[in-house]
Amino acid sequence: MSKLILVRHGESSGNKERIFATSPHDLPLTELGYRQAYAAAQRIAQLFHPERVVTSAYHRASETARIIAGALALPLEVVPDLHEREIGAHRGRSYDSFLTEADYDPQRPWAWKPQGGESYEDVQARVGPILDRLAAAHPNSEVIVVSHGGVMTCLWAYATGRWDNAYVPPNCGIVLIEHGPKGYCQPQIIDEGEHAADAGG
């Protein structure tokens, strides 16, 4: 059984201010974000025996992964396609800015694509194969996967085959997805982080 331990990055300045990033590298972790990352490492050490950490290249995720990998003395690998949803024309805008878009359907939010950006369906098509590759490459071991709120929601839907009730994790929330001979098991919420935060990367 492969155990994929998904971790959302710690609180970033964009989470705190409730704005989407203007670029992949302009959202550092806050002091709370650093505390959350260290707490996530401690929680993982109590429950699992991971062999490596893989991470999105975006700074808020890679910095969280660096802290976790350092605390657990694990090798760290950057996987570029694990990055958060491209929000296009909404870069630098409020998390709520898309609610006023005429084509946004709150009943099917995963299908909405911002101008110049990605829908969550697009993100799932990008990150789902990464989960498959990790499960295949580590069939009897545990791997930490540090990414983003949107990415983890898409992976939850990918594992379950359903978008409705797909879980949106808080900062440094931890979700376990196991994979065996019959495919993916139902994802499990392991930890909801130090403080809950809204989705937004």
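Notes on the structure follow. Please read all numbers here as calculations on a predicted model, not as lab measurements.

Let us now look at the overall build of the protein chain. In terms of regular secondary structure, the protein chain is built from five helices and seven strands. When its helices and strands are written in sequence order, the protein chain yields β-α-α-β-α-β-α-β-α-β-β-β. Here the C-alpha atoms of the protein chain give a radius of gyration of 16 Å, agreeing with the 17 Å that 2.2 N^0.38 yields for 201 residues. If you line up the protein chain on its principal axes, its C-alpha atoms span 45 × 40 × 25 Å. Considering only residue pairs separated by 6 or more positions, the protein chain has 73% of its internal contacts joining residues 24 or more positions apart. Carbon and sulfur atoms make up 50% of the accessible area of the protein chain, which amounts to about 9,100 Å² in all.

Counting residues in each nonpolar core, the largest one holds 27 residues, and the members touching the most others are Leu4 and Leu6. With seven residues, the top contributor of residues to this core is helix α5 (residues 149–160). With near-sequence residues (within four places) excluded, leucine 4 lies in contact with Leu131, Leu134, Ala135, Val143, Val175, Leu176, Ile177 and Tyr184. By size, the runner-up hydrophobic cluster in this structure holds 22 residues, among which are Ile44, Ala61, Ile67 and Ile68.

Quick look at helix α2 (residues 31–47) now. Since the α-helix packs 3.6 residues into each turn, any two residues three or four apart lie on the same face. For α2, built from 17 residues, the straight-helix expectation of 24 Å at 1.5 Å per residue is met to within 8% by its first-to-last C-alpha distance of 25 Å. Buried within α2 we find Leu32, Gly33, Gln36, Ala37, Ala40, Ala41 and Ile44. Structurally, α2 contributes buried residues whose contacts are with β1 (2–8), α3 (59–72), β4 (142–147) and β5 (174–180).

Moving on, we get to the packing of α2 against α3. α3 packs onto α2 with a crossing angle of 40 degrees between their chain directions and a minimal axis gap of 9 Å. One way to sum up the angle between α2 and α3 is to call them oblique. For the crossing formed where α2 meets α3, the hand is right-handed. Of α3, the residues touching α2 (which contributes Tyr34, Ala37, Tyr38, Ala40, Ala41, Ile44 and Ala45) are Glu63, Thr64, Arg66, Ile67, Ile68, Ala71 and Leu72. When its residues are assigned to classes, the contact of α2 with α3 shows 11 nonpolar, one polar and two charged.

Looking now at the packing of aromatic side chains. Applying the stated criterion across every chain yields a total of seven aromatic pairs. Between phenylalanine 20 and tyrosine 95, the aromatic rings sit 5.1 Å apart at their centres with planes inclined by 55 degrees, giving tilted as the arrangement. Of the two residues, phenylalanine 20 is situated in the loop between α1 (13–17) and α2 and tyrosine 95 in the loop between β3 (76–78) and α4 (120–137); the sequence distance between them amounts to 75 residues. Centroid distance phenylalanine 98 to tryptophan 112: 5.7 Å. Interplanar angle 35 degrees. Geometry classified as tilted. Here phenylalanine 98 is found in the loop between β3 and α4, whereas its partner tryptophan 112 is found in the loop between β3 and α4, with 14 residues between them in sequence.

Turning next to the pairing of β4. The buried count for β4 comes to six of six residues, which makes it a mostly enclosed element. Note that β1 and β4 share six bridges and pair parallel. Considered in β4, the bridge of arginine 8 is made with serine 147.

Okay, the pattern of salt bridges next. In total, this model carries eight salt bridges according to the counting rule given. Aspartate 191 serves as the salt-bridge partner of arginine 43, at 3.3 Å between the closest nitrogen and oxygen. Of this pair, arginine 43 sits in helix α2 while aspartate 191 sits in strand β7 (residues 188–191), placing them 148 residues apart in sequence. According to the relative accessible area criterion, arginine 43 is partly exposed, its value standing at 29%. Measuring nitrogen to oxygen at the nearest pair gives 3.5 Å for the salt bridge that ties arginine 52 to glutamate 77. A residue pair is termed long-range when its members are at least 10 positions apart, and arginine 52 in strand β2 (residues 52–55) and glutamate 77 in strand β3 qualify at 25 residues.

The rules we used
Residues numbered from 1 in each chain as written. Predicted model: local features only at pLDDT ≥ 70, side-chain atom pairs only at ≥ 80, totals over all residues. Heavy atoms only, no water. Helix = DSSP H or I, 4+ residues; strand = E, 2+ residues; numbered from the N terminus. Rg over C-alpha atoms; globule rule 2.2 N^0.38 Å. Contact = heavy atoms within 4.5 Å. Areas by Shrake-Rupley, 256 points an atom, 1.4 Å probe, with all protein chains shown as cover. Core = buried A, V, L, I, M, F, W, Y, C linked by side-chain atoms within 4.5 Å. Buried < 20%, exposed > 50% of the residue type's maximum accessible area, 1.4 Å probe, protein only. Expected span 1.5 Å × (residues − 1). Axes fitted to C-alpha atoms, helices over the stretch in contact; angles between N-to-C directions. Parallel < 35°, antiparallel > 145°, perpendicular 65-115°, else oblique. Left-handed = near helix turned anticlockwise from the far one by under 90°. Nonpolar A, V, L, I, M, F, W, Y, C, P; charged D, E, K, R; others polar. Phe/Tyr/Trp six-rings, centres within 6.5 Å; stacked < 30°, edge-to-face > 60°. Pairing = 2+ DSSP bridges. Salt bridge = Lys/Arg side-chain N within 4 Å of Asp/Glu carboxyl O.

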